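Tertiary structure, described
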Amino acid sequence: MTEQEKWYSQEERKLFLKQRYSTRSHHYFFEAKEAKNGSKYIVIAQRKKVGDKFVGEKIRIFEDEMLEFERILHNFIHFSLNETEPPATQEDSVPQNNKNSNIESSSNSNLAPAFFTSLSSTTNWKEFERDTYYLLKLLGITLTYNFLNERQAGKADGFFKIGNLAVIYDCTLDRGNIEQNKSEQINNYCNRLKQGIIEISGIATEEFYNHHKQVWIITQKQTRAIKVVNSIEVKEISVQDIMSLYQERLTMMLSEQALEMRLRNL
């Protein structure tokens, strides 16, 4: 066994992916494997040379931990590469019920379109769906489509594609149990994404076979992960967080690739 091979895990598990990344001072090893219960997990190893020996550590990230791990890691990377000072509001130091007030106050600035005010408080579902579509277009997502005139059971409110991300979204003012109340629709949206193609109109389609796929249930509540269905992430997305991202793009150097990553990691 070579020195390099030692840093890949020797667990007798089904291996899906294996990749190595090296810098001048460190070597990183990544594996995606299958656990005993059939779920997937990731092994990440880091090693460096100390004297005449290589030393390092391994960590394992399990399937039910991945989305939150990815979200936190992305936030730290984004801060480290783009910010010079810690954000004024940090999740560990600010009560959850204060987070919306910070977002709402920023949304009331002179950078925000007038309809932002109603997005956070409207009780009119048609208005909420229409203005959410306008918000997504304002972000600069060119390939954004709405199905507002196609009201039928199980039909999503819209679809967008940016870079390697494809999202079916559904807007709701329902403050009940999303998983229960939207269960049938969520399954339907996941099945449509799994096909890798969606009909936009009678003569137009969008293809996304190899894209990262997500289902968004857009609400006036808090952003959170709901579940993963056949590698498709299902999330509840706060409309306030999308508005905050709009202002971030106005005030920062945020490329389309960076916007894609921010959307993917909401």
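Residues numbered from 1 in each chain as written. Predicted model: local features only at pLDDT ≥ 70, side-chain atom pairs only at ≥ 80, totals over all residues. Heavy atoms only, no water.

**Side note on the sheet that holds strand β3 (residues 40-50)**
The pairing of strands in a sheet comes from backbone hydrogen bonds and takes either a parallel or an antiparallel form. Ordered by their spatial adjacency, four strands build an open sheet running β1-β2-β3-β4, and the pairing between neighbours is antiparallel. Each edge of the open sheet carries a strand with a single partner, namely β1 (15-22) and β4 (53-62). Here the strands of the sheet are splayed against their neighbours by 15 degrees on average, with no regard to which way each runs. (Pairing = 2+ DSSP bridges. Helix = DSSP H or I, 4+ residues; strand = E, 2+ residues; numbered from the N terminus. Axes fitted to C-alpha atoms, helices over the stretch in contact; angles between N-to-C directions.)

**Overview of unusual backbone geometry**
Its identity as a non-glycine residue notwithstanding, Asn230 has a phi of 50 degrees, on the positive side. A positive phi angle is found at Ser231, which is not glycine, with a value near 75 degrees. Tracing the backbone shows Ser231 in the loop between β11 (224-229) and β12 (232-238).

**What about a nonpolar patch on the surface?**
A cluster of nonpolar residues, Ile59, Phe69, Leu73, Ile77 and Leu81, forms a patch on the protein surface that exposes about 480 Å² of accessible area. With four residues, the single largest contributor to the nonpolar patch is helix α2 (residues 66-82). Along the polypeptide, Leu81 turns up in helix α2. (Patch = residues over 30% accessible without salt bridge, like charges linked within 9 Å, V, L, I, M, F, W, Y side chains within 5 Å. Areas by Shrake-Rupley, 256 points an atom, 1.4 Å probe, with all protein chains shown as cover. Salt bridge = Lys/Arg side-chain N within 4 Å of Asp/Glu carboxyl O.)

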